[in-house]
Structures are given as structure tokens and as C-alpha cells.
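Structural overview
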Amino acid sequence: APTAAQTGELRFPPDFWWGAATAAYQIEGAVAEDGRTPSIWDTFCAEPGRVVDGQTGAVAADHYHRYRDDVALMREIGLSAYRFSVSWPRVQPGGRSGANPAGLAFYDRLVDELLGAGIKPAATLYHWDLPQELEDRGGWTARDTALRFADYAAAVADRLGDRVKLWCTLNEPWCTAFLGYGLGVHAPGRTSPGDGLLATHHLLLAHGLAAQALRAAVPSAQVSIALNQGAVRPLTDSPADRDAARRIDGLLNRIFLDPIMTGAYPADVMADTAPVCDWSHVRDGDLAVIAAPLDALGVNYYAPDLVSAAPSPVEEPSPYPASQGVAFHQTPGPRTEMGWTVDPTGLREVLLRLHATYPELPLYVTENGAAYDDAVDADGRVRDGDRIAYLRDHMAAAHEAMRAGADLRGYFVWSLLDNFEWALGYGKRFGLIRVDYDTQRRTLKDSALWYRDVIRSGGVAV
Ligand code: PNW
């Protein structure tokens, strides 16, 4: 038989977590069932012009009713872990009342179903569905929202903490703060760069308080946060372009990572954003809460960024506060349906930088994947070779980072199922499993069958 080297097979550790990820609002549907109240995404979707074709998550992939079938499909693929998110307004209607037993019961059933299938549950507490009532009181620009989040985290930990193997407090606070409050293309659709920075701090405070609540409820809880971490590259080597890259790196990566890991905001980012934010909302003691030790860091990686200094102030609205001096460019290379350039070297770069900066920090890739315009062939198969190539090349990049020392424990494909891709609606399909939204029929794409073989063999053929 050929050796691993001859066939070009990259071996992963036997205890490596092979996962897939989803988020509540993107797959569950059942938005008015069992006591759930509206979230900011229900509100946002109802506003004309916010989401492509006025689509909403009201039904989505109907996972709330089909979770048993979906877990059976996960088992067929052979997943060792599944990352889902808990819907705050399902578990704590309005975000302020007591816990809703019927809402918690859904996640209780899901977790048991996963364990019965031999799949480790990884739970995200906030994947963007803030209870609307809390938004009406200021949302993430209000400090109180962070305190409410800690109560909610405690309720979830009380019910699921004996079985959840990994917690993610927040998913991609960059998106919530800068797409939701700064640029306004995500819920709640506010357009104030200063609000984006207020939201950043209150999200981080919520993370720190929730970490405390999780550990108080379950001393052995494994606590992480899923951050967008990207490679930000300068267009040229000029000092001006390099400074533009420093600025965007600060607002994408370091503004979230540094307070958590070191207990301080990056001084350059505070100076850069002074025109839109005086930072007086940061109170004594907050940073100590935010810097509670992490058990692992989750990295969500899709594509690199390419930036330069702009010759004149850029007028096009940007998610990045106070960055009118920065121009964004398309990284050369093939792109996915999202328009995002396929560049696995960025993932290796991100993992190696994290390893170099925080050598002891265990890492998970909590999201990585691609949207493609999958066709269903006459024989019912979805031949998504482009997705297989994307996943294979990113797994190979992750493997390189591991060989260079990064302590990567697992990898979650975004996403298990085709789902509601936020403001872009159902047109962008990220799933390993195709969903026919007319019939709710599921079909394993070729990528799912390929992933099954990767998991079975514990290696990726390149
Ligand atoms: C992430 N950007 O969102 C989310 O965690 C998922 O819910 C989502 O479906 C997935 O990636 C694909 O979009 C992002 O503008 C949204 O750079 C926007 C950006 C990045 C990630």
C-alpha cells in the first residue's frame, strides 16, 4: 500500500474535532413558537429594503422541527462535534424575564440527541439574535445589555452545562458592532461609527461576565469566543499603505483580541478612533472582567483583506470607524459567490500569528467555508467540487500551521446546512447539505461525502 507521503495525505490527530457550525436564526425558523419573542433580526427583516427580496428567518431550514433528522445526517457524515447557537429570545423572552422552560427544552433535546449520536455539542450563546426589547432599551450601546447577557448565560449553563463540551460566548462581535451599529447592513441597522465602538465594549464586557457566569454554574466549563480574525495586507510596501493595514488590523483583530488576552485596548486603535469616540464608557474594572482567562479561542476565517492609504477621503461607507483614509481592494484570485477571494494562506497566517503571540492558547477554527452556486444534477447529486477544493486547501493550511506549532484542536465547516445568509437571504448557499426550501428536503452534497471520508480516515488527501 502507498504510504501517506506518497498519496499526499495530511494526518490530523485522532482526537481532532471535525465539526460543522450553524446559528439559530439562520436555520431554526419557528420564530413564534413555545414562547419565543422577536429578536432584532425579526424586526430588521420586516423593514423594507433590508434583506434581499424581503426574505426572513421565519421558516429558514425548519430545524426547530427537524433537528432529529438533522442530527441523523450529522451522524451519517461522521461529525465529532457540532457548533450551534442558542436563541436568547427563545430561552429568555424579551431578554429580561425569567428563563423559559419550553425554550430551554429545545436545546436540551438537541444536546441529548447529539450525545446519543456520539457528537460533541459546542454551544454559542450569542449569534446575533438580540431580544428586541433589549434593543428598545439601547441594545449593545447600553451597558445594561451586558448584565442581562450574564443572566441569560447562567440560565443556559444551569440547564446544559453538564453536557456542553465547549462554550462560545459571542460569535463575531466585529459583525454585531460594526455591521449592525456602525454600517447598518445587519440588525439593528444603526449607522453610527461611535455606536459601533460603544457596542464593541459592551459586547466584550458581556463576554467577560458570561465567562464568569458559565464558570460559576459549571466549574469545568470550557469557555471560548469566536472572533473574526483576518489577514490584513498592505497593497504596497509603502509606509502609508502599511499604516492603513495597521489601522484595519487594529479594528478587525486587535480591538477584540487584546482586551481579552491582555486586559487593555490597543493604544493605536484608541487614538485612531478618537474623532468618533472618547472611550469614556470604559469603566474601572471592566478590562479585568473582559480579560478572564480563556480556555480556547475560536477563529472564524473566510478571506484576507487588502488595503491601501486613500489619496482623498473615501466616501463609500465602511464598517470600520474613522477609516476614511483607507481604501479596500479586491485580493487577486478566484472568488466565491460572496465575492470573497479564496486564499487559504490567510488562514495559516492568522493561526501562526495567534500561536506566536499567545503560544499556550488552544485554538479552534469555529467557522470556515464557502458559498457556491450549487446545481442539482439530473441524478439528484450536487457536484460541488469548488467547495471541496476550498475546504481541502483550508484544512491543508490549518495543518501547516499545526506542523509549525499552533495548538489547533478542531475545525468547524460553515455550514452544516444551506441557510438564511443574513441580509443576503437564501441565495447564498454555504451548506455541506443542500436544503430545498420548498420541500425542506435535505441532500448531502458531494462535499459532505468527501468530508465523511476525511473524518473516517483522519486525514486530508492533497
Ligand atoms: C459569518 N464580512 O458572518 C457568520 O458567523 C455566519 O453567521 C455567516 O453566515 C458566515 O460568516 C458567512 O457570511 C460574516 O463582511 C458576515 O466580512 C460578514 C463578514 C464576515 C463574516
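Residues numbered from 1 in each chain as written. Predicted model: local features only at pLDDT ≥ 70, side-chain atom pairs only at ≥ 80, totals over all residues. Heavy atoms only, no water.

The name given to the chain in an unreviewed UniProt entry is Beta-glucosidase, and the organism recorded there is Catellatospora bangladeshensis. According to UniProt, the comment filed for the chain under the heading Sequence similarities (unreviewed entry) is "Belongs to the glycosyl hydrolase 1 family." (UniProt positions renumbered as here; feature names shortened; annotations may be inferred.)

**Focus on the sheet that holds strand 10 (residues 326-329)**
The pairing of strands in a sheet comes from backbone hydrogen bonds and takes either a parallel or an antiparallel form. With mixed pairing, the three strands of this open sheet are ordered in space as 7-9-10. Bordering the open sheet on either side are strand 7 (232-234) and strand 10, each of which pairs with just one other strand. The sheet shows a mean angle of 40° between the axes of neighbouring strands, direction not considered. Sheet contacts for helix 11 (residues 239-262): strand 7, strand 9 (305-309) and strand 10; angle to strand 9, the most-contacted strand, approximately 130°. (Pairing = 2+ DSSP bridges. Helix = DSSP H or I, 4+ residues; strand = E, 2+ residues; numbered from the N terminus. Axes fitted to C-alpha atoms, helices over the stretch in contact; angles between N-to-C directions. Contact = heavy atoms within 4.5 Å.)

**Here's the deal with the site of the ligand**
Residues in close proximity to the ligand total 17 residues, the closest being Q26, H127, N171, E367 and E421. A distance of 2.8 Å separates an oxygen atom of the ligand from a polar side-chain atom of H127. In the environment of the ligand, an oxygen atom lies 2.9 Å from a nitrogen or oxygen atom belonging to the side chain of N171. Relative to its unbound accessible area of 460 Å², the ligand is 84% covered by the protein chains. (Near = heavy atom within 4 Å. Polar contact = N/O pair within 3.5 Å; in protein donor to acceptor, adjacent residues only side chain to side chain. Areas by Shrake-Rupley, 256 points an atom, 1.4 Å probe, with all protein chains shown as cover.)

**Points about the UniProt feature "active site" (unreviewed entry) in the chain**
UniProt marks E172 and E367 with the feature "active site" (unreviewed entry), using the numbering shown here. These annotated residues cover 196 residues of sequence, and their C-alpha atoms all fall within 10.2 Å of one another, placing them together at a single site. Sequence-distant contacts of E172, defined by excluding residues within four places in its chain, comprise W128, A226, N228, N300, Y302 and E367. Its place among the elements puts E367 in strand 11 (residues 363-368). Beyond its immediate sequence surroundings of up to four residues, E367 is in contact with R83, H127, N171, E172, V299, N300, Y301, Y302, F412 and W414.

**What to know about the pattern of salt bridges**
If you walk through the whole model with that rule in mind, you get 40 salt bridges. For R159, the salt bridge goes to D108, with nearest N and O atoms at 3.4 Å. Of this pair, R159 sits in helix 8 (residues 143-160) while D108 sits in helix 6 (residues 101-116), placing them 51 residues apart in sequence. Residue classification places R159 among the partly exposed positions, given a relative accessible area of 30%. With a closest N to O distance of 2.8 Å, D379 and R383 form a salt bridge. Relative accessible area serves as the criterion here: at 42%, R383 is assigned to the partly exposed category. Residues joined by salt bridges that share partners form a network here, namely D243, R246, R247, D249, R254, D268, D272 and R353. (Salt bridge = Lys/Arg side-chain N within 4 Å of Asp/Glu carboxyl O. Buried < 20%, exposed > 50% of the residue type's maximum accessible area, 1.4 Å probe, protein only.)

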